[in-house]
Amino acid sequence: MRNRVIFAAAIASTAALFAGCSGPTAADGSGDGRIAVVASTNVYGSIAEAVGGDRVDVTSIIDSFALDPHEYEASARDQLRVAHAAVVIENGGGFDPFIDGLIQASDSKAAVITAATLSPEYPAHGDLDTHRDDDAHAHDHLEGFNEHVFYDPAVMATLAGKVAEELGTIDPAGKDAFATNAKAFTAGIEKIDGRLAQLKSAHEGTGVFVTEPLPLSLTDAAGLDNKTPPAFSEAVEEGQDVAPATLLEALQIISAKQVAVVVVNAQAGGAETDRVEQDAKDAGIPTLRFSELLPDGETYLTWMTANVDALAGALS
């Protein structure tokens, strides 16, 4: 069963405290002249800071590994932040549904940037399917679409350009600075893409096991062949128990050394993923732990570079 920690909703007294505070405090959504940006997670907050520099005031709602974007219950303080925002950045695709609820509840007029829709893989119809785990929490996602687009560096480069465009509309005096910052960010992305191309050249077709779809954009770009039984990663992603036959199939893949590396979502696990990790260790297969959030002190570029370097080290 997926182990997640859910942030409790704000108590009624907190909601009452903020009830009288509505609407932005300035035309740009900030009280100090900077553009107020709210990001669903610190991944997107980092990109907003990289593009906006000192002309933005960025708040990342999810910035702790103890919080789950899929199941986060927003507070009255979150609603106030969104109400005051000039720009809101979300992942979309069912990854961070609390943001849409905040936008609706706060009657926000912010420009909303949805990263998932910038992916070339995003379905045209955009219909969400809903699944429920054993704790009765709904998980909406797009069927056949990996919503973890922040593991696709190319999509994040596109996002940076979109952020620069929106910020430049709000703050024309900063337009050139935003464009320059986005260009610098994209240059960093190009270095990551170059490293992934090198991995693909050296290791294309090598097997990989992922306990969740989280890193698939990255491993696909590296040319790795996902050997994970689909039912295994789907069950882990949905917070469901892995069927015994599926677990057995997964363990056989590990014991037969059909994969060169195992990648685990560091923020979602359970008995089945622990068993895969242990069997990989017993078989001498490297295991990497990737996360849905930035570790403290990292930027998006340093974080994703470290992930690619870790993958390279495991493959070599």
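See above for the structure.
Residues numbered from 1 in each chain as written. Predicted model: local features only at pLDDT ≥ 70, side-chain atom pairs only at ≥ 80, totals over all residues. Heavy atoms only, no water.

I'd like to hear about the overall build of the protein chain, residue by residue, with values.
Summing up its helical and strand segments, the protein chain has 11 helices and 10 strands in all. Here the protein chain holds 316 residues, and 52% of them are scored as buried. When contacts within the protein chain are restricted to residue pairs at least 6 apart in sequence, long-range pairs at least 24 apart make up 70% of them. A total accessible area of about 13,700 Å² is found for the protein chain, and carbon and sulfur atoms account for 50% of it. (Helix = DSSP H or I, 4+ residues; strand = E, 2+ residues; numbered from the N terminus. Buried < 20%, exposed > 50% of the residue type's maximum accessible area, 1.4 Å probe, protein only. Contact = heavy atoms within 4.5 Å. Areas by Shrake-Rupley, 256 points an atom, 1.4 Å probe, with all protein chains shown as cover.)

Can you tell me about the packing of helix α2 (residues 42-52) against helix α5 (residues 153-170), naming the residues and giving the values?
Contact geometry for α2 and α5: axes closest at 9 Å, N-to-C directions at 55 degrees. Judged on the interaxial angle alone, α5 and α2 are oblique. Crossing of α2 against α5: the hand is right-handed. The segment α2 lies against α5, with Tyr44, Ile47, Val51 and Gly52 engaging Met156, Leu159, Ala160, Val163, Ala164 and Leu167. (Axes fitted to C-alpha atoms, helices over the stretch in contact; angles between N-to-C directions. Parallel < 35°, antiparallel > 145°, perpendicular 65-115°, else oblique. Left-handed = near helix turned anticlockwise from the far one by under 90°.)

So what's going on with helix α8 (residues 230-237)? Residues and values would help.
Here α8 has its buried residues at Phe232, Ser233, Ala235, Val236 and Glu237. Considering only its buried residues, α8 is in contact with β7 (207-210), α9 (244-255) and α10 (271-282).

Lay out the environment of Ser217 with the relevant residues and their values.
By the element assignment, Ser217 lies in helix α7 (residues 216-221). The partly exposed category is assigned to Ser217, whose relative accessible area is 23%. Taking C-alpha positions, Ser217 is 7.4 Å from Val149, a pair spaced 68 residues apart along the chain. For Ser217, the residues in contact, after removing those within four places along its chain, are Asn146, Tyr151 and Asp152.

Geometric descriptors of this kind do not, in isolation, establish any biological role.
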